[in-house]
Amino acid sequence: AEDLPRIQNMARLIHTEASDLDFQFKNIFEAAAIEAGESVPEIAAVDLVALSENVIKSLAGKARHKEVEILPDYPQGQVWFYTDPQKLSLILLNLLSN
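The structure presented is a predicted model; accordingly, all values stated were derived computationally and were not measured.

**A few points about the nonpolar core**
Counting residues in hydrophobic clusters, the biggest one holds eight residues: Phe23, Val46, Leu51, Val55, Leu59, Leu88, Leu90 and Leu93. Of all elements in the fold, only helix H2 (48–58) and helix H4 (85–97) reach the threshold of two or more residues within this core. A total of three residues in this core trace back to one element, the largest contributor, which is H4. Excluding residues that lie within four positions of it along the chain, leucine 90 makes contacts with Phe23, Asn27 and Glu30.

Given below as C-alpha cells:
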C-alpha cells in the first residue's frame, strides 16, 4: 500500500511514453507515405472546432504532466473547412505537443 503512489506514477509515465512513441511512429509512417507518393488527401467538410477540441482532449494528459493549460478561443458555432481531417489532426497534434 505504501508503494501505491509510486506505482501509479510509474504507470502514468509508461502510458505517456507509450503514447508519445505511438505518436512519433504515426508521424514517421505518414511522412514516408507522403514522400513515396502513397498518401492521397481525403478531402471532406470538417468542423474545425470539433476537430481541434478532440486534439486538445487527446493531449490533456501530456499537458497536465507538463503543467500546461491549453485555452482555445473558439468562435460561436461550427466552423467548416474542406481538408483531410486525419492530416490536419496530425498537424495540430504536432504543433501543440511541442
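**Topic: unusual backbone geometry**
Positioned with a positive phi, glutamate 67 is a non-glycine residue whose angle comes to about 55 degrees. In this structure, glutamate 67 sits in the loop between helix H3 (60–65) and strand E2 (80–83).

**A closer look at the packing of H2 against H4**
For the pair H2 and H4, interaxial distance at closest approach is 10 Å and the crossing angle is 45 degrees. The orientation of H2 relative to H4 falls into the category oblique. Relative to H4, the crossing made by H2 is right-handed. Contact residues: Leu48, Leu51, Ser52, Val55, Ile56 and Ser58 in H2; Pro85, Leu88, Ser89, Leu92, Leu93 and Leu96 in H4. Across the contact of H2 with H4, the residue classes break down as nine nonpolar, three polar and no charged.

**A short note on the packing of helix H1 (residues 4–35) against H4**
When two helices pack together, their arrangement is given by the angle between the helix axes and by the axis-to-axis distance. As a packed pair, H1 and H4 sit with axes 11 Å apart at the nearest point and diverge in direction by 130 degrees. Between H1 and H4, the interaxial angle falls into the category oblique. Along this stretch, H1 crosses H4, giving a crossing that reads as left-handed. In contact with Phe23, Asn27 and Glu30 of H1, H4 contributes Lys87, Leu90, Leu93, Asn94 and Ser97.

**Brief notes about the side chain of threonine 83**
Here threonine 83 lies in strand E2. Using a relative accessible area of 14% as the deciding quantity, one classes threonine 83 as buried. Setting aside residues no more than four positions away along its own chain, threonine 83 makes contact with Glu42, Ile43, Ala44, Val46 and Leu88.

About the cut-offs
- Residues numbered from 1 in each chain as written.
- Predicted model: local features only at pLDDT ≥ 70, side-chain atom pairs only at ≥ 80, totals over all residues.
- Heavy atoms only, no water.
- Core = buried A, V, L, I, M, F, W, Y, C linked by side-chain atoms within 4.5 Å.
- Buried < 20%, exposed > 50% of the residue type's maximum accessible area, 1.4 Å probe, protein only.
- Helix = DSSP H or I, 4+ residues; strand = E, 2+ residues; numbered from the N terminus.
- Contact = heavy atoms within 4.5 Å.
- Axes fitted to C-alpha atoms, helices over the stretch in contact; angles between N-to-C directions.
- Parallel < 35°, antiparallel > 145°, perpendicular 65-115°, else oblique.
- Left-handed = near helix turned anticlockwise from the far one by under 90°.
- Nonpolar A, V, L, I, M, F, W, Y, C, P; charged D, E, K, R; others polar.

Function cannot be inferred from these measures alone, as they are strictly geometric.
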